[in-house]
Every structure is written in structure tokens, then in C-alpha cells.
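Examination of the molecular architecture
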Amino acid sequence: MRALISVYDKAGVAEFARGLTELGFEVVASGGTAAHLEEHGIEVTRVESLTGFAELLGHRVVTLHPAVHGGILARRDVAEDLADLKEHGIEPIDLVCVNLYPFEREPSVELIDIGGPSLLRGAAKNYEHVAAVSQARQYEGVLDELRRDGALSEQTPKALELAYGENPDQRAAFYGSAAAVGRQRQGKPLSYNNLNDLSAGRALLDELGDAACVIVKHANPCGAAQAETIEEAYERALACDPVSAFGGIVVIDRLVGAALASRLVEQFLELLWAPAYSPEALSILEAKPNLRVLESLSLGSPELGIRSALGGLLVQEQDRPADHDSMDVVCGEVADAEWADLLFAWTVCKHVTSNAIVLAKDLRTIGIGAGQTSRVDAVRIAVDKAREHGHDLTGAALASDAFFPFADGPRLALAAGVRTIVQPGGSKRDAEVIEAARAAGAAMVFTGRRHFRH
């Protein structure tokens with residue numbers, strides 16, 4: 001048996017290759033992958049010994065050769081294919097392990113992968129005879145099945161199968177980087193909703209400062225905060241709306257220690273994500289065996305947003321936040337501390353479903369109005385939630401993801417104590433809206449950019 005391995009992300013590949021060699025596979029590898037495996041003491045046949053060519057054109061041509069693709073595409077049950085292999089001295093390849101260049105994260109001409117997709121497509125086309133392995137999370141399952149059965153079945157998953165979709169009667173799977181999901185330390189199997197919420201939480205967390213916590217429910221933040229310590233950030237995020245946080249997920253950007261773990265197990269949470277956990281914290285979290293505990297480093301946001309629509313795909317560039325320098329104070333004055341809250345509210349608002357209103361004070365959310373078809377209703381919900389949970393709105397900042405078409409929303413917030421408002425501007429009634437803020441002695445800032453999210 002022969003396995004061809006050519007990977008960009010080398011996490012776990014040495015262990016995978018060692019497992020294959022223990023099962024009797026000959027491992028064929030290209031350039032950097034071959035060197036990596038050899039450094040780990042794994043015997044490797046280099047691709048150039050098959051093709052008779054060293055890497056060409058600065059690594060642009062490595063595996064594009066009949067000796068490689070013939071070995072992958074040959075049908076073992078077609079006599080003519082086997083005769084072609086024999087005539088040209090080509091050995092069959094039974095498993096192809098490839099992960100691709102991270103073009104989505106780092107778009108550049110040199111990261112347009114040519115050879116990798118060709119190898120995977122060839123293996124997929126000849127799936128009855130060749131296994132295609134494209135993610136590190138598949139390594140363990142592939143090895144387990146080979147050890148148990150001596151071969152891989154057609155049903156061997158090539159993606160992360162999820163417990164269910166948005167509802168228990170829907171099947172679902174995740175296609176993407178295993179590193180993005182992270183290592184699951186404990187808990188029930190992941191579901192579609194878990195990963196959808198995690199994606200929303202991670203996207204916001206990546207834009208906040210150090211020692212930040214985000215709590216997400218139904219892909220909307222219901223609490224977010226920054227603080228001196230991660231324990232304080234969690235408490236402040238939870239205080240925004242503890243009712244909505246019930247059954248949500250928590251994402252934080254610092255190690256979880258024993259103190260925070262003790263607080264987390266007091267809540268009903270579906271999932272916890274963090275970059276690391278202390279041994280004591282992991283022991284404490286075991287008290288909630290169903291809690292899904294994930295650990296990984298942040299990978300940043302993808303360059304493109306993709307979703308299905310009308311049987312096809314909608315693709316767009318990611319929404320980028322407006323910076324401080326591009327904002328225009330259209331009335332009143334904004335102090336430094338007020339700027340901090342305005343920018344924090346504006347950042348969070350970008351990640352709330354439209355129509356979105358976010359109230360913030362002291363670098364924490366105190367009221368969020370999400371997903372309303374009326375902007376004034378979103379304001380009313382945010383204000384009511386803040387009052388319901390005992391937050392003082394005096395001096396608070398308000399962010400609106402799009403312009404206010406009328407002055408009713410701002411007037412409602414200003415009457416509740418809001419002191420600063422940030423919004424895109426651009427309404428036909430901007431003058432009326434600005435005058436409402438000026439009459440209340442408040443400040444208003446225009447960003448010139450909106451943040452719709454659907």
C-alpha cells in the first residue's frame with residue numbers, strides 16, 4: 001500500500017504518517033512535507049524519485065506528473081488501466097493526504113494551490129480505490145478504521161460529522177479547518193448551532209482588546225466585555241443579560257483558571273471556547289460532563305463570507321470596521337473615555353443581527369436590541385433590557401448598525417440617559433436626528449459606513 005502526503009499545515013501529520021508506516025504503507029512525500037517527516041524519523045520516498053524531476057519553477061510544479069496522477073487515477077478493476085501502469089512502471093497510490101494553502105486567510109497569487117486540489121480531485125474521482133484525506137481531524141479516524149478493518153469504507157467521513165443541524169431531525173457536517181474548531185476536551189458531540197454560535201463569538205472576540213469575553217445565543221452576542229482580568233470580563237459580560245446567557249456559549253481570549261472555571265460551572269452553557277485551560281480548571285469543568293469544552297488558538301477571520309442561497313452560493317468580502325480617524329463628530333463633544341465606549345459599542349454592533357442597537361458603558365454591553373425590522377423597536381428592546389437587569393444608562397454610549405430614518409429612536413435612548421451616539425449617517429432626516437441629540441446635550445458621531453448583518 002502506498003500513501004502520498006503533501007500538506008501545508010503539518011500539525012499531526014508526523015503521527016499520521018508513522019501510523020501508516022506501522023500498518024505497512026510506503027509513504028511518498030513532497031519537499032517540505034518529506035523533510036518534516038524525515039526529521040521525525042519516518043522513512044519517506046520522495047516524489048522526485050517517482051517523477052524523475054526535482055521541484056520546478058520555485059515549487060510551482062512538484063506533483064503534476066503521470067507517475068503521480070496515473071497512480072492515483074488508475075482503476076484497479078479495469079485491466080487496461082493496470083496494463084498502462086505496468087507499461088510505464090507506475091505504482092498505484094492508495095491514499096492521498098493533502099491540505100491546501102490558506103488562500104482564504106492570506107490571499108496572494110503564490111497561495112493559489114494548483115497541485116493540491118488536483119491530487120484531492122483525482123483521489124475523490126477514484127474513491128472506490130483511493131482514500132482522500134484533507135483535514136488533520138480525519139487522521140485518527142482513518143488510522144482507527146485501517147487498524148480495525150484493514151481498509152476504508154465508502155462511508156468513511158471526509159468532514160466533521162455533527163450531532164445534528166439546526167434541529168435534531170436535520171443531518172449536518174462541518175467542512176473546513178480542524179484547527180478552527182479546536183481540540184474538544186470534553187462534552188457532548190458538536191452540533192450545527194454550536195459551531196454557528198462559535199463562529200459568531202470568535203469573530204467578535206478577534207476584534208476586541210485583551211482580556212475580553214463574549215457570550216453568544218442564537219449567533220448574536222448577548223453580552224461582551226473587556227476588563228483588567230478575564231474573570232472580571234466574564235462577570236461583566238454575563239451581567240449584561242444573564243437571562244439570555246442561559247444555554248448560550250462563552251468565548252474568551254485568555255487561559256481559563258480554577259477561579260473562572262468555578263464560576264462557569266454555575267451556569268448552564270452549551271459550549272466554552274478558550275486558548276488554554278489550567279489542569280485545575282479542566283478538573284473543575286468535569287462537573288459539567290455535557291459542556292463542550294474547546295481549546296485552540298485564534299486563526300483570525302476569513303477574507304470571504306459565504307452562505308447558500310437559491311441553490312447557489314453568495315460570496316462577499318468581510319465587513320471591515322470603520323476606524324476612529326474616519327469618524328465625524330456632527331454635534332457635541334466626545335471625551336476620551338466616551339470614545340472608548342463608542343468604539344466598543346460600534347465594534348459589538350457590527351456582530352449583531354440587523355436592525356441592531358448596542359448600549360455600552362465602561363467597555364461592556366448593558367443592553368442589546370437584535371434582529372428587529374424596526375430600528376426604534378431595537379432601541380426600545382436595548383433600553384428595556386438594560387433597565388430590566390439594573391444597569392444605569394446615564395452617560396451610556398449607543399451604536400446603531402445603520403442610520404436612523406427618524407429621530408424617534410435617538411430621542412428614546414437620550415431620554416433614558418444615553419450621552420453619545422454612533423451611527424453611519426446618511427438619512428434624509430439627518431438634520432432632524434442631529435438636532436435631537438443637540439437638544440439633549442448629547443454628542444453624535446457619523447461613521448459613513450453601515451454594518452448590516454443578516
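Look up a bit, the structure's there.
Every value quoted in this text rests on a predicted model; they were computed, and no experiment measured them.

1. Here we look at the packing of helix α16 (residues 408-416) against helix α17 (residues 430-439)
Between α16 and α17, the shortest axis-to-axis distance is 9 Å and the interhelical angle comes to 10°. In this view, α16 runs roughly parallel relative to α17, as classed from their interaxial angle. Contacts from P410, R411 and L414 of α16 reach α17 at E432, V433, A436 and A437. Among the residues forming the contact of α16 with α17, the class breakdown is 5 nonpolar, no polar and 2 charged.

2. Some thoughts on the sheet that holds strand β19 (residues 397-400)
Strand order in this open sheet of 6 strands is β16-β21-β20-β19-β17-β18, and the pairing throughout is mixed. Two strands close off the open sheet at either side, each with one partner strand: β16 (328-331) and β18 (365-369). The sheet shows a mean angle of 20° between the axes of neighbouring strands, taken without regard to direction. By the bridge criterion, 4 bridges tie strand β17 (residues 357-360) to β19 in an arrangement that is antiparallel. Residue pairing across strands places V358 opposite A399, the latter belonging to β19.

3. Remarks on the packing of aromatic side chains
Considering all chains together, one arrives at 2 aromatic pairs under this definition. For the pair F16 and Y139, a centre-to-centre distance of 4.4 Å together with 10° between the ring planes defines the contact as stacked. Here Y139 lies in helix α7 (residues 139-149) and F16 lies in helix α1 (residues 13-22), a separation of 123 residues in the sequence. On the basis of relative accessibility, which here comes to 1%, the residue F16 falls in the buried class. Its relative accessible area of 6% is what places Y139 among the buried residues. Both rings, one in F246 and one in F268, keep their centres 5.0 Å apart while their planes meet at 55°; by these two values the pair is tilted. Pair noted here: F246 is in the loop between α11 (242-245) and β11 (248-252) and F268 is in the loop between α12 (258-264) and β12 (269-274), with a separation of 22 residues, a long-range link. F246 gets classed as exposed once you look at its relative accessible area, which sits at 54%. When its relative accessible area of 39% is taken as the criterion, F268 is described as partly exposed.

4. With respect to the sheet that holds strand β1 (residues 2-7)
Strand pairs in the sheet, formed through backbone hydrogen bonds, run parallel or antiparallel to each other. Spatially, the 5 strands line up as an open sheet ordered β3-β2-β1-β4-β5, and their pairing is parallel. Among the strands making up the open sheet, the edge pair consists of β3 (45-46) and β5 (131-133). Relative to strand β2 (residues 26-29), β1 runs parallel, the two being bridged by 4 bridges. Across the sheet, residue A3 finds its bridge partner in β2, namely V27.

Calculation criteria
- Residues numbered from 1 in each chain as written.
- Predicted model: local features only at pLDDT ≥ 70, side-chain atom pairs only at ≥ 80, totals over all residues.
- Heavy atoms only, no water.
- Axes fitted to C-alpha atoms, helices over the stretch in contact; angles between N-to-C directions.
- Helix = DSSP H or I, 4+ residues; strand = E, 2+ residues; numbered from the N terminus.
- Parallel < 35°, antiparallel > 145°, perpendicular 65-115°, else oblique.
- Contact = heavy atoms within 4.5 Å.
- Nonpolar A, V, L, I, M, F, W, Y, C, P; charged D, E, K, R; others polar.
- Pairing = 2+ DSSP bridges.
- Phe/Tyr/Trp six-rings, centres within 6.5 Å; stacked < 30°, edge-to-face > 60°.
- Buried < 20%, exposed > 50% of the residue type's maximum accessible area, 1.4 Å probe, protein only.

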